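What follows is the residue order along each chain.
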Amino acid sequence: MGFSDYRTALVTGASSGIGAATVRRLCAEGMEVHALARDARRLARLSAETGCRVCEIDVNDLGAVKQLAALVAFDILINNAGQSRRGTILEMAPDDVDTLVDVNLRAVLHLTRLIVPGMASRDRGHVVNISSIAGHYAFGENATTFNSSVAYHATKAGIHSLSQQLRVDLYGTRVRVTEISLGRVATSIFQNQNAVENPDARFVAGFETLQSEDIADAIAFAVGAPTPMNVAMIEVIPTFQVVGGLQFARRSEAAPVQDMTTGADNA
Ligand SMILES: NC(=O)c1ccc[n+]([C@@H]2O[C@H](COP(=O)([O-])OP(=O)(O)OC[C@H]3O[C@@H](n4cnc5c(N)ncnc54)[C@H](OP(=O)(O)O)[C@@H]3O)[C@@H](O)[C@H]2O)c1
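Keep in mind that this is a model prediction, so the values were computed, not measured.

Asks: It is not clear to me how the site of the ligand should be interpreted in this structure. Could you clarify?
Replies: Around the ligand, a shell composed of 30 residues is seen, among which Ser15, Arg38, Asn80, Tyr152 and Thr187 lie nearest. At a separation of 2.7 Å, an oxygen atom of the ligand approaches a polar side-chain atom of Arg38. One nitrogen or oxygen atom from the main chain of Ile189 is found 3.3 Å from an oxygen atom belonging to the ligand. When the ligand sits alone it has 880 Å² of accessible area, and the protein chains cover 94% of it.

Encoded structure:
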């Protein structure tokens, strides 16, 4: 089985939610797990509980990530660290665009670049990329009331694309690549929403959401599968959450077309 082929794992975004649950799961499988995030106190608590190694690192600190990758021959890389923001592109702050691209996509590309060549040369390894249904579907709900922005959708679509192409780059090696695309999971990602009143009530309480442990189980299924089997992609959504819909605005609802020369409405 896959687990017996592997010894070391790196989990990013390990201080809470899905990352912390995954650290617990992989430690229970007997892995040497390196837990990476910025919150040192939470990581220390997780380490006391599970015995994981603490990596207090910002995924965007390229120097620190490079040092870690040179120090440990990782067999498993779980690219899980992520942030989300609300708002349409019409109103989004520039810093929010940068943060989402940096944490959700740029860091994943660099971690992959730094860690996967070692796996390829050892002919052993597994990369698990956490994406989102936001990367695969447009959401009918208005982005101002929901936990996603066009930049979040774009970064998660990037994770899908890089997972597909990474398999091509690794052709002929025993390095597996799994994308796990998620619907709503009850984690603190909803607490960090800018200017949402009572985010827990809005996104979590009252819903039968997924739990972080469900996703850790999905990761363990992919990693624990026999090595000749690559679970390339899993989409996990709550039973009560569906994606789909069609909107078609009537002509009368459309915004008036502006005359570009005068700025006046073209009636
Ligand atoms: N929850 C959902 O409904 C849902 C749905 C689809 C996809 N996802 C994806 O699932 C992944 C895990 O999120 P979660 O739901 O478990 O949320 P979470 O509880 O908020 O966890 C996010 C993790 O990312 C870490 N992180 C954020 N910025 C970082 C940075 N610059 N450097 C290092 N670590 C950083 C955070 O740790 P520190 O703050 O300590 O750095 C935290 O451990 C994300 O990629 C998210 O997009 C979640």
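Having seen the structure, we can now continue with the description.
Asks: Sorry, what's going on with a nonpolar patch on the surface here?
Replies: On the surface, a cluster of nonpolar side chains totalling about 340 Å² of accessible area is made up of Ile89, Leu90 and Val150. Position of Leu90 relative to the elements: it lies in the loop between strand S4 (76–79) and helix H5 (94–122).

Asks: Quick question: what am I supposed to make of the pairing of S4 here?
Replies: Remark: a regular strand shows side chains that alternate across the two faces of the sheet. Burial along S4 is two-sided: the residues Ile76 and Ile78 and Leu77 and Asn79 are all buried. In this structure, strand S1 (residues 8–12) lies alongside S4, joined through 3 bridges in parallel fashion. Its bridge partner being in S4, Ala9 is matched across the sheet by Ile76. Where S4 and strand S5 (residues 125–132) come together, 4 bridges link them in parallel fashion. In the strand pairing of S5, Ile76 is matched with His126. One crossover worth recording links S4 to the parallel S5 by way of H5, and it is right-handed.

Asks: For this particular structure, what's the right way to read the side chain of Thr209?
Replies: Its location among the elements puts Thr209 in the loop between helix H7 (199–203) and helix H8 (212–224). Residue classification places Thr209 among the buried residues on the basis of a relative accessible area of 14%.

Asks: Got a minute to help me understand the pairing of S1 in this structure?
Replies: In terms of burial, S1 is largely enclosed, as 5 of its 5 residues are buried. The alternating pattern of S1 places Thr8, Leu10 and Thr12 and Ala9 and Val11 on opposite faces, both of which are buried. Two strands pair when backbone bridges link them, and S1 and strand S2 (residues 32–37) are joined in this way by 5 bridges, in the parallel orientation. Across the sheet, the residue bridging to Ala9 is Val33, located in S2. For the segment spanning S1, helix H2 (residues 17–28) and S2, crossover handedness is right-handed.

Asks: Whenever I open this one, helix H4 (residues 62–71) confuses me. Can you help?
Replies: Three- or four-residue spacings in an α-helix give side chains the same orientation, since the helix completes a turn every 3.6 residues. Among the residues making up H4, those that are buried are Ala64, Val65, Leu68 and Ala69. Looking down the long axis of H4, one finds its buried residues gathered within 135° of arc, a one-sided arrangement. Residues of H4 that are exposed and point over 90 degrees away from its buried face: Lys66, Gln67, Ala70 and Leu71. On its buried face, H4 sits against S1, S2, strand S3 (53–56) and H5.

Asks: Looking at this structure, how should I read the packing of H2 against H8?
Replies: Between H2 and H8, the least distance of the axes is 8 Å, while the angle of their chain directions is 50°. The orientation of H2 with respect to H8, classified from their angle, is oblique. For the pair H2 and H8, the sense of crossing is right-handed. Contacts between H2 and H8 involve Gly17, Ile18, Ala21, Thr22 and Arg25 on the former and, on the latter, Ser212, Glu213, Ile215, Ala216, Asp217, Ile219 and Ala220.

Asks: Teacher, can you tell me more about the nonpolar core here?
Replies: One broad trend across soluble globular proteins is that nonpolar side chains are buried collectively. Counting residues in hydrophobic clusters, the biggest one holds 35 residues, and the most contacted among them are Val23 and Ile180. Considering every element that reaches this core, the biggest residue donor is H8, with 6 residues. Counting 25 residues, the second largest nonpolar core, distinct from the first, contains Val72, Leu114, Ile115 and Val175.

Asks: Is there a simple way to think about unusual backbone geometry in this case?
Replies: When glycine is set aside, most residues are seen to have a negative phi, and most peptide bonds are trans. Despite not being glycine, Asp123 shows a phi value in the positive range, around 60°. Note on placement: Asp123 falls in the loop between H5 and S5. The partly exposed category is assigned to Asp123, whose relative accessible area is 28%.

Reading guide: rules and limits
Numbering of residues starts from 1 in each chain and follows the order in which that chain's sequence is written. Restriction of local features to residues with pLDDT of at least 70 applies here, the model being predicted, together with a cutoff of 80 or more for giving and counting side-chain atom pairs; totals for whole chains, interfaces and linings are based on all residues. As a rule here, side-chain values come from all non-hydrogen atoms in the structure, and water together with hydrogens is ignored. Being near a molecule or strand, for a residue, comes down to having at least one heavy atom within 4 Å of it. In protein, a polar contact requires one atom able to donate a hydrogen and another able to accept it; more generally it is a pair of N or O atoms within 3.5 Å, and residues adjacent in sequence count only if both atoms are side-chain atoms. Methods summary: accessible areas were calculated by the Shrake-Rupley approach with a probe of 1.4 Å, and residue burial reflects only the protein chains presented. For patch detection, residues must exceed 30% relative accessible area and be free of salt bridges, and they are connected within 9 Å for like charges or within 5 Å for nonpolar side chains (Val, Leu, Ile, Met, Phe, Trp, Tyr). Salt bridge, as applied in this entry: a Lys or Arg side-chain nitrogen positioned within 4 Å of an Asp or Glu carboxyl oxygen. Put simply, DSSP marks the helices as runs of H or I at least four residues long and the strands as runs of E at least two long, and each gets a number from the N terminus on. Here's how the labels work: a residue is buried when its accessible area is under 20% of the maximum for its type, exposed when over 50%, partly exposed in between, all with a 1.4 Å probe on protein chains only. By the convention used here, strands pair only if DSSP detects at least 2 bridges between them. We call a crossover right-handed when, viewed with the strands running away from us, the connection from the first strand over the helix to the second turns clockwise. Throughout, the arc means the angular range of directions from the helix axis out to the C-beta atoms. Whether two residues are in contact is decided by their heavy atoms: any pair within 4.5 Å suffices. Interaxial angle, 0 to 180 degrees, is taken between N-to-C directions of lines fitted to C-alpha atoms, where a helix line uses only the stretch in contact. If an angle is under 35 degrees, it is roughly parallel; if it is over 145, roughly antiparallel; if it lies from 65 to 115, roughly perpendicular; otherwise it is oblique. Rotating anticlockwise by less than a right angle from the far helix to the near helix defines a left-handed crossing, while the corresponding clockwise rotation defines a right-handed one. What is meant by a nonpolar core is a set of buried Ala, Val, Leu, Ile, Met, Phe, Trp, Tyr and Cys residues, joined one to another through side-chain atoms within 4.5 Å.

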